[in-house]
Amino acid sequence: MLSEQGLVWLRRLLVERFGVDIHLTSNDGKYILYLPDCGKRIIIDYIQNEFYDLNSKLSCYLWDADKENFEGYTDNVIPAPGNRVISYPLINIENETLTINYDILGLAYWMLNRIEEIGSEELDAHQRFPATSSHAYKFGYLERPIVDEWLGILQQAIKKICPNLEFRKNEFLIQVSHDVDVPSEFGFSSWKKVIKGMIRNGVSLQLSKMIKVPVTKLLTKKNLLISDPCNTFSWLMDASDDIRVNSSFYFMAGKTNDNYDSDYKLDCKPIESLMLQIHRRGHYIGIHPSYETFNDFPAFLSEYQKLREVCDRLGITQVEWGGRMHYLRWSHPQTLRAFEDSGINYDSTLGYADLPGFRCGTCFEYTAFDPINHKIMKLRLRPLIVMECTILRTLGVSEEAKVKMLYLKNQCRKVSGTFSILWHNSQFDTHDHKRLYLDVIEYDK
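In what follows, the accompanying structure is described. Computed from a predicted model, the values in this text were never measured in an experiment.

Below, the discussion takes up the pairing of strand β13 (residues 366-370). For β13, the tally of buried residues reaches 5 of 5 residues, placing the bulk of the element in the interior. Two elements, β13 and strand β14 (residues 375-381), share 4 bridges in a ladder whose sense is antiparallel. Among the inter-strand pairings, D370 is bridged to a residue of β14, identified as K375. Counting the residues that bridge the hairpin from β13 to β14 gives 4 residues, and of these H374 lies at a positive phi of roughly 55 degrees.

As structure tokens, this is what we get:
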């Protein structure tokens, strides 16, 4: 069952999303929402306990909003996870009370707090909960922000009994971020890797590239080389400036795995110079905790403290600090607690590595909640919708890739949410990569 703190968290979610005063209680297996500004109430008449219990097996039904004179945001037929068969009418108005026969709040709690991931053994080779194991993938709604869609239906229902109530007007936004895994092609590589790079280019008869490998290593002393193919930072900031958004660059501050972590040191001259450049241009710096830290709090904390120490020494100050886990590794809620206990303001990890879409069922930022300790957190969660390599791995730099990214972007636009995209600085091998990136982030696309 839902705890008292869980109830408080749900009320906060509604007030934040709608911008109106809502009192929320639960009684006799029902939710009661009271709207003091108009004196009306809404009853969600059946709390589905499976939304709050770990290891619950859920089915999924469909509800046609159009049949009851409601409007779906991405489609009129909306998935309804749960084990209660959808019946019509789903929403009834009688006298001063509106009754909803589907646990919208339970769905929000279950999706946003990633209940299905807790204790799951369906993990990939990197110990991540994959999209293909998710309820959303299995029932075909991974590419829909269904929490936002159902909250939109709830807002329409409130409007039917309180037509003069003014709701918050949310605006479609774009968030652009970049994980700095490889700031230089060979500038920070070991000589062993440099020699391997030279041999690889020599075998393929790319002699100019073969010579460039050790030159990059030797000349990356104070700044990244302009000619370095991974040094796309100025170009990325220019692109963000053109659409009036601030990019976030997440840097690694430690190494816990030789095979998967980066080779650069955060406090070396070229990286410090880069971070200063980013800060002076008004963009943001954050932490990219290394491979093993998703389950190792001391290492996680040490790396975040290292980032803050370097930034303090360089005079880099920010109102808030955030980050994203390397390889999107996430153990729920342990990794959540690491962010919270470190004092970090927000996390932007929660997207899937194997497929794009809405891991949390939303494209809105929201307050984190620990569903094991039943604790409201200070941490804010910014769901990740698209990671470029997830799509490019299967579709390449193609029209199909562009269509997929723009489709997900438009799904966010339909609910007036935020399209959050991760594109690594080192993933711009050709002009076509850059063209695709610009096409996707432009506001009018």
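The relative placement of two packed helices is expressed as an angle between their axes plus a distance between the axes. Across the interface, helix α1 (residues 4-18) lies against helix α4 (residues 146-161) with an axial gap of 12 Å and an inter-helix angle of 75 degrees. Comparing their axes, α4 and α1 come out roughly perpendicular. Residues L14, R17 and F18 of α1 pack against D148, L151, L154, Q155 and I158 of α4. For the contact of α1 with α4, the per-class residue count stands at 5 nonpolar, 1 polar and 2 charged.

A few words on the state of the cysteines. Taken as a whole, this structure holds 1 disulfide when the rule is applied. Through a disulfide, C38 is tied to C162; the S-S separation comes to 1.9 Å. One end of the pair, C38, is in the loop between β2 (30-35) and β3 (40-44); the other, C162, is in the loop between α4 and β8 (173-180), with 124 residues separating them in the sequence. You can see C60 has no disulfide; the closest cysteine sulfur is in C360, sitting 17 Å from it. Unpaired in this structure, C363 has its nearest cysteine sulfur neighbour in C412, at a distance of 4.0 Å.

Core analysis: the biggest nonpolar cluster contains 129 residues, and Y31, L154 and F251 have the highest contact counts within it. When residues no more than four places from it in sequence are discounted, the contact partners of L154 are L14, F18, L33, I42, I100, I104 and L105. Among the nonpolar cores identified, the runner-up in size contains 5 residues, and A353, L384, M387 and L422 belong to it.

A separate point is the packing of aromatic side chains. Given two aromatic rings, one states the distance between the centres and the angle between the planes to describe the pair. Overall, the coordinates contain 22 aromatic pairs when judged by the stated rule. Seen from their ring centres, F129 and Y352 are 6.4 Å apart, and the 40 degrees between their planes marks the pair as tilted. Of this pair, F129 sits in the loop between α2 (104-112) and α3 (135-138) while Y352 is found in the loop between β12 (346-347) and β13, placing the two residues 223 residues apart along the sequence. An aromatic cluster is present here, built from W9, Y52, Y109 and F369 joined pairwise through their rings. Sitting above the plane of the Y46 ring, R84 keeps its charged end 4.4 Å from the centroid. The ring of F70 carries K160 above its face, with NZ or CZ at 4.7 Å from the centroid.

Here we take up helix α10 (residues 334-342). Where α10 is concerned, the buried positions are T335, L336, A338, F339, E340 and S342. On its buried face, α10 is in contact with α9 (297-314), β11 (322-323), β12, β13 and β14. Positive backbone phi, approximately 85 degrees, marks G343, located one or two places after α10.

Moving on, we come to the pattern of salt bridges. For the structure on display, the rule yields 25 salt bridges. Put simply, K404 and E143 hold a salt bridge, and the shortest N to O gap is 2.8 Å. Here the residue K404 occupies a position in helix α12 (residues 399-414), and E143 occupies one in the loop between α3 and α4, the gap between them amounting to 261 residues. One network of salt bridges, with partners in common, ties together E16, E320, E365, R380 and R382.

With that out of the way, let us pick up the sheet that holds strand β6 (residues 91-94). One open sheet holds the 5 strands; their spatial order is β1-β2-β3-β7-β6, and the pairing between them is mixed. The sheet is open, and its two borders are formed by β1 (23-27) and β6, each paired with just one other strand. When strand polarity is set aside, the average angle formed by the axes of neighbouring strands in this sheet is 20 degrees. Across the sheet, α1 lies against β1 and β2, angled at about 145 degrees from β1, the strand it touches most. The strands touched by α2 are β1, β2, β3 and β7 (97-100); relative to β2, the strand with the most contacts, the crossing angle is about 105 degrees.

Reading the values: the criteria
Numbering of residues begins from 1 in every chain and follows the order in which that chain's sequence is written. Given that this is a predicted model, residues contribute local features only at a pLDDT of at least 70 and side-chain atom pairs are listed and counted only at 80 or more, while totals for whole chains, interfaces and linings are drawn from all residues. Water and hydrogen atoms play no part in the side-chain values, which are based on all heavy atoms of the structure. Burial classes: relative accessible area under 20% of the type maximum marks a residue as buried, over 50% as exposed, and values in between as partly exposed (1.4 Å probe, protein chains only). Secondary structure elements are taken from DSSP: a helix is a run of H or I of four residues or more, a strand is a run of E of two residues or more, and numbering for both begins at the N terminus. Strand pairing is assigned whenever DSSP detects at least two bridges linking the two strands. Angles shown run from 0 to 180 degrees and are taken between the N-to-C directions of axes, each axis being a line fitted to C-alpha atoms and, for helices, limited to the stretch in contact. With respect to orientation, any angle under 35 degrees is reported as roughly parallel, any angle over 145 as roughly antiparallel, any angle of 65 to 115 as roughly perpendicular, and every other angle as oblique. Between two residues, a contact is recorded if the distance between any of their heavy atoms is within 4.5 Å. Ten residue types, Ala, Val, Leu, Ile, Met, Phe, Trp, Tyr, Cys and Pro, are classed as nonpolar, four, Asp, Glu, Lys and Arg, as charged, and the remainder, Gly among them, as polar. Note that a disulfide, as used here, is simply two cysteine sulfur atoms within 2.5 Å. Note on terminology: a nonpolar core comprises buried Ala, Val, Leu, Ile, Met, Phe, Trp, Tyr and Cys residues joined through side-chain atoms within 4.5 Å. Aromatic rings from Phe, Tyr and Trp, taking only the six-membered ring of Trp, are treated as a pair when their centres fall within 6.5 Å; an angle between ring planes under 30 degrees marks them as stacked, one over 60 as edge-to-face, and anything in between as tilted. Charge-over-ring contacts are defined here by two conditions on Lys NZ or Arg CZ: a distance within 6 Å of the ring centre and an angle within 35 degrees of the ring normal. We define a salt bridge as a side-chain nitrogen of Lys or Arg found within 4 Å of a carboxyl oxygen belonging to Asp or Glu.

Function-wise, these values are silent; they only describe arrangement.
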